Amino acid sequence: MSRYLLGIIIFIIFTTGLHVNGRFVVEKESIRVLSPYKLRSEKHDAAIGDFGVPEYGGSMVGSVIYRHQNSYACKPFDDQNKQPFKTNSTRLHILLVDRGECLFALKVWNAQQAGAAAVLVADDRDEPLITMESPGENSNANVYIDKIGIPSALIDRSFGETLKAAVQKADEDVVIKLDWRDSMPNPDQRVEYEFWTNSNDECGIRCDEQMNFVKDFKGHAQILEKGGYTMFTPHYITWFCPAPFILSDQCKSQCINHGRYCAPDPEKNFGEGYQGKDVVFENLRQLCVHKIANESNRSWVWWDFVTDFHIRCSMKEKRYSKECAEDVLKSLNLPIEKIKDCMGDPEADVENDVLKIEQDRQVGRGSRGDVTILPTIIINDIQYRGKLERTAVLKAICAGFQETTDPPICLSGDLETNQCLERNGGCWQDSKSNITACKDTFRGRVCECPVANGVQYKGDGYMSCEAFGPGRCAINGGGCWSESRYGQTLSACSDSNITGCHCPHGFRGDGHKCEDINECSEGLACQCEGCSCKNTWGGYGCKCKGEKLYIMEQDTCIERNSTKFGWFLVLLILGAVVSAAFAGYIFYKYRFRSYMDSEVMAIMSQYMPLDSQHHNQVIQHESQSLRQGSSSV
């Protein structure tokens, strides 16, 4: 076997081995038939095409169109009238085409040119669904592949036949809903995504595509990473050299660490230009750049390094080298020695810790499947489908955020339509205080009672939201009735109650609407003889005839002028007061004297014994002195 033939065999193993034997998991989306009624059923699966712009996080309702005369869509549709899919329906047109005869992408391009909003390709065989892949380096496809901007999907044969039969009957429109809202997992407020790439820029259209993507997406990626919205990880595919060929020149030129980690020759020519191991070594450097930068909380620097390396150290300009890479590291203030330690010795016959992890992660886990082609993007452990373009990828990432946690970059007008701007999204709104339950998210609007100025609103978010807790009355009266008249404002909201609305005194109603009570006409006030009643806002006023004075508590009228009876009553009251005061004084004096006598006796009992006559004189003298003192007091 010649050296050249041996090299070709190794190259084939490197470039196709994993693809042939790998486990490939197809993303499956949901399709529901809305009309005709007899076809309504459970959801149908559809595998998204790997080109165009899938509407991750969104949905689409449209009428199915099928053209018998161009069922494969391999040639342009007749657009003489500029309306090749003209129907009586005002809905979007979803074109159904048959598989075969030409590239998937060409079918979708012709459909897009004719005005279709989406394309369904009916399989021509009974088999598990596959992903319709983007064409390789085909000169014809290169003209239109990047211009495809509508979604497409492959459906199974039986479902396709059912749709075609329904369309051809023409009894009524066949209406389906393409629902991509759950196609991207969105478990929490952080999106984790991976980008499987290559440092080689001499691999044709694919390499140009991924490097253009890195430059275009860099700004978005760094905003998301710096804000803590995403966790990004770059990855690089490597292959291994089969054991019988480890010592061959071809393996030595394309592998490091004794055949453990390999990459195809960039020029596919083993005799000249760069070698595969140059690519592996630079891939390893870029992995270590991310690892070291991430340890210092600067993970986004990877985007700067890769972009600058591509500009300054391009293979096409023969500047792809270790020296050029280290110049880029210096300009970005990255620690060269730490990165060298991370990379290890490429000549050693040992496992490389960094590259070993990469090979392990190439194997699919769960719903992700094996990574077999470059470039590949994994978002929340699901392989992204669609063209590698800034806006398309950003839409997919934004679909991975839990609703209401979308970062501002996902809510720009270029990415989504703010449904809250039209009829407030059908949600509750307090127009007076400009408070709404409508929250715009990338996937659509959500009706959820808000928190405004520290006050929580509770309700269903659609028909009602009610302020709850302390401070609620300060925001538009807590949503309760409130009215101002004659310089006075009354409200059904009370700060003493954390919820509910209750009409104030003098009003009746449910708290959201309160009406003044007419106490006069309802006989609730001024019922005394000679009283006249006048209703006021929130109260009433009573007036007595003549000069009489109205007493509200007793609902009675009394004379304003004094009478003999009045004087007699006043004198009687004063007499009673004076008598009570005098009796109290007598009682107090009696009690005080008794207290003093007892105190004197206690004091005298402490003196030494005296003769009886002298003893009595002392007691009398002390007692008289205390009494005189109390009298003076």
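Remember, predicted model here, so these are calculated numbers, not experimental data.

1. Thoughts on the overall build of the protein
Scanning the protein for helices and strands turns up 13 helices and 28 strands. Relative to its full complement of 633 residues, the protein shows a buried share of 45%. Across the protein, every contact between residues at least 6 apart in sequence was considered, and the portion connecting residues at least 24 apart equals 63%. Surface summary for the protein: the accessible area is close to 34,600 Å², and the carbon and sulfur share equals 51%.

2. Here's the deal with the sheet that holds strand 5 (residues 118–122)
The 7 strands lie next to each other as 1-2-6-5-4-3-7, forming a closed barrel whose pairing is mixed. When the angles between neighbouring strand axes are averaged without regard to direction, this sheet yields 40°. Bridge count between strand 5 and strand 6 (residues 152–155): 4 bridges; the pairing is parallel. Of the residues in strand 6, the one forming a bridge with A122 is I155.

3. Topic: the sheet that holds strand 19 (residues 455–458)
Sheet architecture is open: 3 strands sit in the order 18-19-20, paired in antiparallel fashion. Each edge of the sheet is formed by a strand with only one pairing partner; in this case those strands are strand 18 (451–452) and strand 20 (466–468). Alignment of strand 19 against strand 20, held across 3 bridges, turns out to be antiparallel. Following the sheet pairing, Q456 is matched in strand 20 by F468.

4. Details of the packing of helix 6 (residues 276–295) against helix 10 (residues 353–362)
The description of two packed helices rests on the angle between their axes and on the distance between the axes. Closest axis-to-axis distance for the helix 6/helix 10 pair is 10 Å, and the angle between their directions is 95°. The orientation of helix 6 with respect to helix 10, classified from their angle, is roughly perpendicular. Where helix 6 approaches helix 10, its residues V280, L284, L287 and C288 are matched on the opposing element by V354, L355 and E358. Counted by class, the contact of helix 6 with helix 10 contains 6 nonpolar, no polar and 1 charged residues.

5. Some thoughts on the state of the cysteines
The full count for this structure, using the stated rule, is 16 disulfides. Two residues, C449 and C465, share a disulfide whose sulfurs are 2.1 Å apart. On the sign convention where negative means left-handed, the S-S torsion of about -90° between C449 and C465 marks this disulfide as left-handed. With C449 in the loop between strand 17 (444–447) and strand 18 and C465 in the loop between strand 19 and strand 20, this pair connects stretches of sequence that are 16 residues apart. Looking at C449, the relative accessible area reads 10%, which means it is buried.

6. A few points about the UniProt feature "domain: Complement Clr-like EGF" (unreviewed entry) in the protein
Within the UniProt annotation, "domain: Complement Clr-like EGF" (unreviewed entry) is assigned to residues 501–519. Helix makes up 0% of residues 501–519 and strand 32%, whereas the separation of the span's terminal C-alpha atoms amounts to 22 Å.

7. Observations concerning the environment of C501
You can see C501 is positioned in the loop between strand 22 (488–491) and strand 23 (507–509). The exposure class of C501 is buried, given its relative accessible area of 9%. Distance in space between the C-alpha atoms of C501 and H512 is 6.6 Å, their sequence separation being 11 residues. Non-local contacts of C501, meaning those with residues more than four positions away in its chain, are made with G479, C480, A492, D510, G511 and H512.

8. Observations regarding helix 8 (residues 322–331)
Note that an α-helix has 3.6 residues per turn; residues three or four places apart therefore point the same way. Buried within helix 8 we find C324, A325, E326, V328 and L329. Elements in contact with the buried residues of helix 8: helix 6, helix 7 (301–312) and helix 9 (336–343). Two residues or fewer after helix 8 comes N333, characterised by a positive phi angle close to 60°.

9. Regarding the packing of aromatic side chains
Under the defined criterion, the tally for this structure stands at 15 aromatic pairs. Measuring from ring centre to ring centre gives 6.0 Å for W109 and Y144, while their planes differ by 15°; the resulting arrangement is stacked. Residue W109 is found in helix 2 (residues 104–113), and its partner Y144 is found in the loop between strand 5 and strand 6; the two are separated by 35 residues along the sequence. One exposure class covers both W109 and Y144, and it is buried. For the ring pair W428 and Y457, a centre distance of 5.6 Å and an interplane angle of 40° mean the geometry is tilted. Taken together, the residues span a long stretch of sequence, with W428 in the loop between helix 11 (390–398) and strand 14 (429–430) and Y457 in strand 19 at a distance of 29 residues. Each member of the pair, W428 together with Y457, is buried. Clustering of aromatic rings is evident, with ring pairs tying together Y193, F195, F213, F217, F232, W302 and W303. Between the NZ or CZ atom of K458 and the centre of the ring of F468, over which it lies, the distance is 4.0 Å.

Calculation criteria
Residues numbered from 1 in each chain as written. Predicted model: local features only at pLDDT ≥ 70, side-chain atom pairs only at ≥ 80, totals over all residues. Heavy atoms only, no water. Helix = DSSP H or I, 4+ residues; strand = E, 2+ residues; numbered from the N terminus. Buried < 20%, exposed > 50% of the residue type's maximum accessible area, 1.4 Å probe, protein only. Contact = heavy atoms within 4.5 Å. Areas by Shrake-Rupley, 256 points an atom, 1.4 Å probe, with all protein chains shown as cover. Pairing = 2+ DSSP bridges. Axes fitted to C-alpha atoms, helices over the stretch in contact; angles between N-to-C directions. Parallel < 35°, antiparallel > 145°, perpendicular 65-115°, else oblique. Nonpolar A, V, L, I, M, F, W, Y, C, P; charged D, E, K, R; others polar. Disulfide = S-S within 2.5 Å. UniProt positions renumbered as here; feature names shortened; annotations may be inferred. Phe/Tyr/Trp six-rings, centres within 6.5 Å; stacked < 30°, edge-to-face > 60°. Lys NZ or Arg CZ within 6 Å of the ring centre and 35° of its normal.

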